[in-house]
Amino acid sequence: TPDSKKLISFASDFEARVWSIPDGEYLKTLTKEASPLHETIEFDVESSTIFLGKLKGTIAAFDTTTLEKKLEYRNALSQVTKLILNKKRQQIIASDTTGAITVWQIGQPEPIFQRRIATKGLRTIATDKAHKILLTASRGYRPKIELWTIEPFAHLATFITETPISGARLSYDGGTVIV
């Protein structure tokens, strides 16, 4: 956690467990339906919140101090594969195994935006530091990297690759996108 007092572990049994860092003591199981991917967790220091992607297309928000659930964000199409916290716009952006992007306003359980953009699922998503551009990288034969503006959500460009994509980072300087 951001306060460096707790560790969250993900296990092959889909449980997200919390441990005390100073003494290694087990504190609590947050959920038994956690997505096993480490990219499905985000922390918001200011609101003391842990956002955790789950197997069934939801994101659970927990208080970092009490470890109690604050809210469940619903209706992603399937297992969450990556989370991005867009603090500037107070949004959570998630990808899932169906190839959809879903966006929630923080504090609102229903999505404000959802679009399926890849037929074989998404390998990863990333944003630039200003959260103006979203990068999506798809799976499958001849995977593609696509760039989107976040507000309004609109397609900018597509790049087809001949080899599988294992990950991607995005740098945007206001005129040039570097992938």
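In short, a report on the structure.

Cut-off values and rules
Each chain has its residues counted from 1, following the order in which its sequence is written. With pLDDT at 70 or above as the cut-off, local features in this predicted model cover only qualifying residues; side-chain atom pairs require 80 or more to be listed or tallied, and sums for whole chains, interfaces and linings still use all residues. As a rule here, side-chain values come from all non-hydrogen atoms in the structure, and water together with hydrogens is ignored. The helix and strand labels rest on DSSP assignments: H or I over at least four residues marks a helix, E over at least two residues marks a strand, and numbering proceeds from the N terminus. Buried, partly exposed and exposed residues are distinguished by accessible area as a fraction of the type maximum, computed with a 1.4 Å probe on protein chains only: under 20%, between the cut-offs, and over 50%, respectively. For every accessible area listed, the method is Shrake-Rupley and the probe measures 1.4 Å; residues are considered covered only by the protein chains on display. We call two residues in contact whenever any of their non-hydrogen atoms come within 4.5 Å of each other. Among the buried residues, those of types Ala, Val, Leu, Ile, Met, Phe, Trp, Tyr and Cys that are joined through side-chain atoms within 4.5 Å form a nonpolar core. In this analysis, strands are considered paired if DSSP registers two or more bridges between them.

**Considerations on the overall build of the protein chain**
Piece 1. Counting secondary structure elements, the protein chain contains zero helices and 17 strands.
Piece 2. A total of 179 residues make up the protein chain; the buried ones form 46% of that total.
Piece 3. Total accessible area on the protein chain stands at roughly 9200 Å², and carbon and sulfur atoms take up 52% of it.

**Examining the side chain of S20**
Piece 1. Relative to the elements of secondary structure, S20 occurs in strand β2 (residues 16-20).
Piece 2. Under the relative-accessibility criterion, S20 is labelled buried at 14%.
Piece 3. When sequence neighbours within four positions are dropped, the list of residues in contact with S20 reads K5, E25 and L27.

**As for the nonpolar core**
Piece 1. The biggest cluster of nonpolar side chains holds 12 residues, and these are I84, I93, I101, V103, I117, A118, L122, I125, L134, W148, I150 and F153.
Piece 2. Of all elements in the fold, only β10 (100-105) and β12 (122-127) reach the threshold of two or more residues within this core.
Piece 3. When neighbours within four sequence positions are excluded, F153 is seen to be in contact with I101, F113, R115, L134 and W148.
Piece 4. Core analysis: the next-biggest nonpolar cluster, separate from the first, contains 11 residues, Y73, L85, A94 and W104 among them.

**As for the pairing of strand β9 (residues 91-96)**
Piece 1. Burial within β9 is extensive, with six of its six residues counted as buried.
Piece 2. Of the two faces of β9, both are covered, the one formed by Q91, I93 and S95 as well as the one formed by I92, A94 and D96.
Piece 3. Sheet analysis places strand β8 (residues 80-86) next to β9, joined by six bridges and oriented antiparallel. Within the sheet, the bridge partner assigned to I84 lies in β9 and is I93.
Piece 4. Here β8 folds back onto β9, and the loop between the two strands holds four residues, one of which, Q90, carries a positive phi near 55 degrees.
Piece 5. Alignment of β9 against β10, held across five bridges, turns out to be antiparallel. Among the inter-strand pairings, A94 is bridged to a residue of β10, identified as T102.
Piece 6. Hairpin connection of β9 to β10: three residues between the antiparallel strands, including G99 at a positive phi of 95 degrees.

Shape is all these values report; function is a separate question.
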